Number of protein chains: 2
Amino acid sequence: MKIISVDPFYLRVPDISTAADGTQDTLLIRIRTDSGLEGWGECDASPLVSIAVYCCPMSHGNIININTSLTGETLDGPDDVIRLSDKVLRNALDIQQIQHAYSGAEIALWDILGKHLEKPVYSILAEITRSSDIPHPKLPYASVLFGDTPEDTYSIATELKKQGYRAAKFGWGPMGKYDEDYDVALVKAAREGMGEDGQIMVDAGVVWGTAYELAYQRAAAFSEYSPVWLEEPLAPDAIREYNKLTSMNPGIPIAAGEGCSTYHTAEDLIVNGGIQYIQIDTGRIGGIMPSFQVRRLAEKHGIQYVNHTFKSHLSLSAALHVFATNPDFDLLEYPAAGSQLSQCLVLNPYQIDDDGFVRVKDLPGLGVTVDTDAIRPFLAPVRIEVGGESIFEQSRL
Amino acid sequence: MKIISVDPFYLRVPDISTAADGTQDTLLIRIRTDSGLEGWGECDASPLVSIAVYCCPMSHGNIININTSLTGETLDGPDDVIRLSDKVLRNALDIQQIQHAYSGAEIALWDILGKHLEKPVYSILAEITRSSDIPHPKLPYASVLFGDTPEDTYSIATELKKQGYRAAKFGWGPMGKYDEDYDVALVKAAREGMGEDGQIMVDAGVVWGTAYELAYQRAAAFSEYSPVWLEEPLAPDAIREYNKLTSMNPGIPIAAGEGCSTYHTAEDLIVNGGIQYIQIDTGRIGGIMPSFQVRRLAEKHGIQYVNHTFKSHLSLSAALHVFATNPDFDLLEYPAAGSQLSQCLVLNPYQIDDDGFVRVKDLPGLGVTVDTDAIRPFLAPVRIEVGGESIFEQSRL
């Protein structure tokens, strides 16, 4: 097959707030081949900044855009995806945003390839790495923001429990903005709302920056409520401080990694930071293959891999194919309170089965179908001119 | 003072080639305050992708553009620059391109502040860090690309020697594209052209990726011609491989770092990679303050700090203020073969004094004046629309 088009689409809800809710907008990438197949991927990144990486004029041999690198290229097997990723990244050596932007295209390439080979992506990954191709169910944890108060948080948690969730992560919002008592009250409310049998996770949203001793104190205070992990207590690249925090044995496992935009940044957090859960966003790190490489590294180091997903079920599917075949990595971040946009984005979202687990779709490619009719009202067409010349015109969705 | 405008300008020459020549285009940032002062900075980054970071619509609280973060803010002292940088970076936590894009604005803030306080930037840096404020001369090394053949390289080197250069770095082009004999012939030609008294540096332009053993062999082969360093033999984030290479004692110091887009990536190269020269581009790492922090780290680790500069003398000046006051860091990358655009960009470029050295300008701010009349013909006006609304209109230069 030859790649004939690579088209980004910027979608958003009408009123965007500063809340840490990543489903308020999104960037979809659609790739089409001359065989009539198309694949889709989603980036968890600034749509406009990423679109610029698809169309920016060449600056020199190290700043060449993604469309130039991919259009007209051959795609017949997994080796082609790897070769094309190498080409895209090498051509964009000096574009910092490259991994964020390319993630959607890389995912779309796997989606097309799976349709072409009539295999689910997880099974192609198993084949090329000669590893198990048996998928395992995952326990979905609802991923929600803390309520503004402990009372609101309690209501959210009881509602999630009523909906059948056995695990839920609470994050951002008021956490770390007031004092220790308030932070602990938030965690206590989450625990009480979910009940003693539920699993809760706490996402501090990088609020303590480099203050690892403060993070340690909070972790110790939260441990009474037995969260599965404390997530991102520190800034994404505060590796030395993560090392200090994890060396102090804070009594709760430490999770981080959503900010990783390369395999190496994840390696740094695992090897030098000493974290216990590595959370990778397939829509930021450059797509499925670098995520899979981090999964392998986690296996080697005996720590847990878990997805970071705060977009639609297109992203959720890409994330799940990466680690579906490892039975030990049994938790799945499952966005439970997304915007209307993210909820209507695919025709066949992942359901939670009666036993409370989610299973990867055993269909060609990613196994989800983008609902173009449903998302069309959310399209924000983009038009970019440089030097009087149009360099980006919105394609039809 | 209040910041009243933050304006990016995309400038370029008419015919841009794939050569690794960073002077074919550029992004300038102009900041103006209500006191009538203006400051300028330059990014070594994709102009369009970076402009998008100045104007992209908000996605949520972690994707907020630079203009929103800076416009209307107060700027009276160095603490304000640090506070504003924290704000910009926190607001753009999920924009990967943020450091590349923000570098120009951060540099412009120091430029304004220096004009406001009537002090050169290096002297403000010395004051706030309570370190020496005595500037020292630097030996400029011409930074050029290898010729396509050893013969061409020899001609380039003899020409540089004739122009009075006592040091020159040769990079990219054919290096690593053929075999060992060809690579060695290129280095030999550079040495013979510059003469036995000259200093030469070799820039491999990341050509050996992760193949550290190959890089070791080349380093050993080049050592006969005594280059000051071998630069970027490996990929920017191949830290483990840099560690292996430097642990093998290849007989030539190893230099790297131009790809660093955060303080931490530089720290990683120094502490975990074991390199001997850290090369920081002030126009990529987020500006003057993070560059200065890397300089301090280099001092602590007893390795050499040197600028990476392949843009105009606006960038050169920003780079030089960072390490002007350290007498041990005595080399200065001095672009010797830039485009007409980069050569006309400032009215008062840095000259090489009669003794062969370059001295930082003892003038308020960065000490160079952008020649707006000269660069106006190179302006490529940008216009961006999202959802039918204009979000970027080109300001007048």
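All values reported here derive from a predicted model rather than from experimental measurement. (Residues numbered from 1 in each chain as written. Chains lettered and ligands numbered in written order. Predicted model: local features only at pLDDT ≥ 70, side-chain atom pairs only at ≥ 80, totals over all residues. Heavy atoms only, no water.)

S.K.: An account of the sheet that holds strand β3 (residues 38-43) of chain A is needed here, citing residue identities and associated values.
M.R.: All names here are of chain A. On the basis of which strands lie adjacent, the open sheet formed by 3 strands has the order β1-β2-β3 and antiparallel pairing. Each edge of the open sheet carries a strand with a single partner, namely β1 (3-12) and β3. Across the sheet, the mean angle separating the axes of adjacent strands is 20° when strand polarity is ignored. By the bridge criterion, 6 bridges tie strand β2 (residues 25-33) to β3 in an arrangement that is antiparallel. Residue Ile-29 lies in a different strand from β3, and its bridge partner there is Gly-41. (Pairing = 2+ DSSP bridges. Helix = DSSP H or I, 4+ residues; strand = E, 2+ residues; numbered from the N terminus. Axes fitted to C-alpha atoms, helices over the stretch in contact; angles between N-to-C directions.)

S.K.: A description of the nonpolar core should follow, citing residues and the corresponding values.
M.R.: Ranked by internal contacts, the top residues of the largest apolar core, which has 245 residues, are A:Ile278 and B:Ile278. Among residues more than four places away in sequence, those in contact with B:Ile278 are B:Ala256, B:Gly257, B:Ala266, B:Leu269, B:Ile270, B:Val294, B:Ala298, B:Ile303, B:Gln304, B:Tyr305 and B:Val306. (Core = buried A, V, L, I, M, F, W, Y, C linked by side-chain atoms within 4.5 Å. Buried < 20%, exposed > 50% of the residue type's maximum accessible area, 1.4 Å probe, protein only. Contact = heavy atoms within 4.5 Å.)

S.K.: Lay out the pattern of salt bridges with the relevant residues and their values.
M.R.: Side-chain pairs of opposite charge can arise whenever the charged atoms involved come near each other. Enumeration over the complete set of coordinates arrives at 48 salt bridges over all chains. Its salt-bridge partner being B:Arg83, residue B:Glu73 comes within 2.9 Å of it at the nearest N-O pair. One end of the pair, B:Glu73, is in the loop between α2 (66-70) and α3 (78-91); the other, B:Arg83, is in helix α3, with 10 residues separating them in the sequence. The network of salt bridges with shared partners includes A:Asp44, A:Glu258, A:Arg284 and B:Asp94. (Salt bridge = Lys/Arg side-chain N within 4 Å of Asp/Glu carboxyl O.)

S.K.: Which residues make up the environment of B:Asp179, and what values do they have?
M.R.: Residue and element names in this part refer to chain B. Tracing the backbone shows Asp-179 in the loop between β5 (167-171) and α7 (180-194). It is 41 Å that separates the C-alpha atoms of Asp-179 and Ile-51, two residues lying 128 residues apart in sequence. For Asp-179, the side chain forms a polar contact with the main-chain nitrogen of Tyr-182, separated by 2.9 Å. (Polar contact = N/O pair within 3.5 Å; in protein donor to acceptor, adjacent residues only side chain to side chain.)

S.K.: Quick one: what's the story with the packing of helix α7 (residues 180-194) of chain A against helix α8 (residues 212-222) of chain A, residue by residue and with numbers?
M.R.: Residues and elements named next belong to chain A. Packing of α7 against α8 brings their axes to within 10 Å, and their N-to-C directions diverge by 40°. As summarised for this structure, α7 and α8 are arranged oblique, according to the angle between their axes. The two elements α7 and α8 meet at a crossing, and its hand is right-handed. Along its contact with α7, which presents Glu-180, Asp-183, Val-184 and Val-187, the element α8 presents Arg-218, Ala-221 and Phe-222. (Parallel < 35°, antiparallel > 145°, perpendicular 65-115°, else oblique. Left-handed = near helix turned anticlockwise from the far one by under 90°.)

S.K.: Account for the relation of the copies chain A and chain B, naming residues and giving values.
M.R.: The two copies are related by a screw motion: chain A maps onto chain B through a turn of 180° and a shift of 0.0 Å along the axis, at an RMSD of 0.0 Å. The transformation relating the two chain copies, once decomposed into turn and shift, fits a two-fold axis. (Least-squares fit on C-alpha atoms with pLDDT ≥ 70 in both.)

S.K.: Provide a residue-level description of helix α8 (residues 212-222) of chain B, including the pertinent values.
M.R.: The set of residues buried in α8(B) consists of B:Tyr212, B:Ala215, B:Arg218, B:Ala219, B:Ala221 and B:Phe222. Its buried side turned inward, α8(B) meets α7, β6 (199-203), β7 (230-231) and α9 (239-247) of chain B.

S.K.: Outline the packing of helix α9 (residues 239-247) of chain A against helix α10 (residues 263-272) of chain A, listing residues and values.
M.R.: Residue and element names in this part refer to chain A. Relative orientation of the contacting elements α9 and α10 amounts to 30°, with a least axis distance of 9 Å. Between α9 and α10, the angle is such that the two are roughly parallel. In the crossing of α9 with α10, the sense of the turn from one axis to the other is right-handed. Mapping the contact onto sequence places Ile-239, Tyr-242 and Asn-243 in α9 and Asp-268, Leu-269 and Asn-272 in α10. Tallied by class, residues from the contact of α9 with α10 come to 3 nonpolar, 2 polar and 1 charged. (Nonpolar A, V, L, I, M, F, W, Y, C, P; charged D, E, K, R; others polar.)

S.K.: Give me the lowdown on the interface of chain A and chain B, citing residues and values where you can.
M.R.: Of the residues lining the interface, 59 residues belong to chain A; the matching set on chain B comes to 59 residues. With both chains or domains summed, chain A and chain B bury close to 4,500 Å², and 55% of this area falls on carbon and sulfur atoms. For chain A, the biggest contributors to the area lost against chain B are A:Leu48, A:Gln96 and A:His264; these three give 15% of the whole. Joining chain A to chain B, the criterion identifies 4 salt bridges. For B:Arg284, the salt bridge identified is with A:Asp94, shortest N-O distance 3.2 Å. At the level of elements, β1, α1 (47-55), α4 (98-117), α9, α10 and β12 (382-386) of chain A are the ones that each hand at least two residues to the side of chain A that touches chain B. Residue contributions to the side of chain A that touches chain B peak at 6 residues, all from α1(A). The sheet contact formed by β12(A) and strand β12 (residues 382-386) of chain B spans 5 bridges and is antiparallel. (Buried area = accessible area lost by both parts, 1.4 Å probe.)

Remember that the coordinates give geometry; whether it matters functionally is a separate question.
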